[in-house]
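# What the coordinates show
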Amino acid sequence: MKVVISIGGRFPSPFRLAEYLERRDCLGRIVTTLPRFTLEPLALAPSHLVTAPWIGGLNYVMRQVPILRARAERNYWTMRMFENVVVRNLEGCDLFNGWCSSALESMRKAKSLGAVTVLNTGSVHIATQKQMLEEEYAAFGLRRVVTDQRLVDQGVQEFEEADHIIVASTFVKRSLLDRGIPDRKISIVPDGVTRLFSPGRKTDDVFRVIAVGRIEFRKGIQYLLQAFRDLRLPNAELLLVGGPQPEFDALLNEYRGWYRLTGRVSDAELARWYNESSVFVLPSIEDGWGHVTLEAMSSGLPVIVSANAGSADAVEQGKSGFVVPARDVDTLKARLLELYESAELRRAMGAEAAAAARTRTWDEYGHRNLAVFKRVLGRPSDVEATSEQLETLG
């Protein structure tokens, strides 16, 4: 088997999958917009790595220009440029594995060459995502086109034409089922731990609530800010680790004095902040997975995750953390207060979380992807994993 992977972004999972396939002599090549020097740590043969860094560079430059940053069509044009590269690098593959909204022409070309196609999506159905996020912006008085409609139309067509679809969570799968995609066409393969940390000793007695990642409406930080301010807990702090998006500045100003904002931090600083925290919260409005959840769990933190984050699949309710409804400030407050009032509960949940995170390896991720690939190709497999077993990992 030879697999060609295309990925027009920085998602970690396709690169980890490429390494896994390389070790098993199953990788044809991986095509990416990242520059080659950033991929040197990967254990890949140079001939199996095709890069188009000028496309990623162009997208980066456009994100720095305010008038272009918010224009959804910039992603449409860069993805079209990327596909022009991908279609020239499909010869000799048995299976093409592309990512939603950047794979339609690539899939068609791969099929013309006799390959089967497996599509990945890291978020809910693209039409559902656009609707959910634009409604959220509107609720806060903002008008924003989240995704160019041409990308939505392309994503819908990709779901239709793909031979099979891999998603990271039950939340994403439900969104596809709700749009009429048949169950038999979908497999769940959860991601591994992107950065594996270790529990450490906390050096103060502050009840510190940590949220990590982009500070934006999509991540639901607006509801965490409200919950924390409403609780007014003595000797407590809300720590936001990450970069705020420009449209979120007004809301941060409204809650000034109720949080500490670190900006972007190094891995070493992030590990330190996890160890100095009491609970991690990811209150996402829409999040296909949420890698920071497993990072926090590996650090020995109990987690509170919204049901609209795919990483809720990794949380055992009441044991390693809590899953709460998205936008439900009252339930979020109740769970935070429960953890605030019991250091013993925090310790017990943190220990369970750390143990659970260590089972989420990238080898397991590759193993289960390979099982799907072999099943779609109709080939015998020494990887024992049915569709139902793949889902139970979540």
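Look above for the structure.
Here the structure is a predicted model, which is why all the values come from computation and not from measurement. (Residues numbered from 1 in each chain as written. Predicted model: local features only at pLDDT ≥ 70, side-chain atom pairs only at ≥ 80, totals over all residues. Heavy atoms only, no water.)

### Quick word on the pattern of salt bridges
- With the rule as written, the count across this model stands at 26 salt bridges.
- Residue Glu-247 pairs with Arg-144 through a salt bridge whose shortest N-O separation is 2.7 Å. With a gap of 103 residues between them, Glu-247 in the loop between strand S9 (236–241) and helix H10 (249–254) and Arg-144 in the loop between helix H6 (126–139) and helix H7 (149–161) connect regions that are remote in the sequence.
- A network of salt bridges, in which partner residues are shared, links Lys-202, Asp-204, Arg-208, Glu-237 and Arg-260. (Salt bridge = Lys/Arg side-chain N within 4 Å of Asp/Glu carboxyl O. Helix = DSSP H or I, 4+ residues; strand = E, 2+ residues; numbered from the N terminus.)

### Looking at helix H11 (residues 267–275)
- Looking only at H11, the buried set comprises Leu-270, Trp-273, Tyr-274 and Asn-275.
- On its buried face, H11 sits against strand S8 (207–212), S9, strand S10 (260–263), strand S11 (279–282) and helix H12 (291–298). (Buried < 20%, exposed > 50% of the residue type's maximum accessible area, 1.4 Å probe, protein only. Contact = heavy atoms within 4.5 Å.)

### A look at unusual backbone geometry
- With a phi close to 50°, Arg-232 is a non-glycine residue in the positive phi region.
- Counting through the fold element by element, Arg-232 comes out in the loop between helix H9 (221–231) and S9.
- Despite not being glycine, Asn-235 has its phi angle at roughly 55°, a positive value.

### Notes on the nonpolar core
- Phe-96, Phe-159, Ile-165 and Leu-176 are the most contacted members of the largest nonpolar core, which totals 33 residues.
- Elements with a minimum of two residues in this core: helix H4 (73–86), helix H5 (104–112), H6, H7, strand S6 (164–167), helix H8 (170–178) and strand S7 (186–188).
- The contact partners of Phe-159, leaving out residues within four places of it in the chain, are Cys-100, Leu-119, Thr-121, His-125, Ile-126, Ile-165, Leu-176, Ile-181 and Lys-185.
- Counting 32 residues, the second largest nonpolar core, distinct from the first, contains Phe-207, Ile-221, Leu-238 and Leu-332. (Core = buried A, V, L, I, M, F, W, Y, C linked by side-chain atoms within 4.5 Å.)

### Details of the packing of aromatic side chains
- Following the criterion strictly, the structure yields nine aromatic pairs and no others.
- Summarising the aromatic geometry, the rings of Phe-207 and Tyr-340 are spaced 5.2 Å apart at their centres and angled 85° between planes, so their arrangement reads as edge-to-face. Of this pair, Phe-207 sits in strand S8 while Tyr-340 is found in helix H13 (residues 329–340), placing the two residues 133 residues apart along the sequence.
- A connected cluster of aromatic rings, assembled from ring pairs, spans Tyr-137, Phe-140, Phe-217, Tyr-223 and Phe-248.
- We note Arg-24 situated over the ring of Tyr-20; from NZ or CZ to the ring centre the distance is 3.6 Å.
- Sitting over the ring of Tyr-76, Arg-80 keeps its end group 5.0 Å from the ring centre. (Phe/Tyr/Trp six-rings, centres within 6.5 Å; stacked < 30°, edge-to-face > 60°. Lys NZ or Arg CZ within 6 Å of the ring centre and 35° of its normal.)

### Observations concerning helix H15 (residues 362–377)
- The end-to-end C-alpha distance of H15, which contains 16 residues, comes to 22 Å, matching closely the 22 Å that a straight helix rising 1.5 Å per residue would cover.
- Those residues of H15 that fall on the buried side of the exposure criterion are Trp-362, Tyr-365, Gly-366, Arg-368, Asn-369, Leu-370, Ala-371, Val-372, Phe-373, Lys-374 and Leu-377.
- At the exit of H15 stands Gly-378, carrying a positive phi of roughly 75°. (Expected span 1.5 Å × (residues − 1).)

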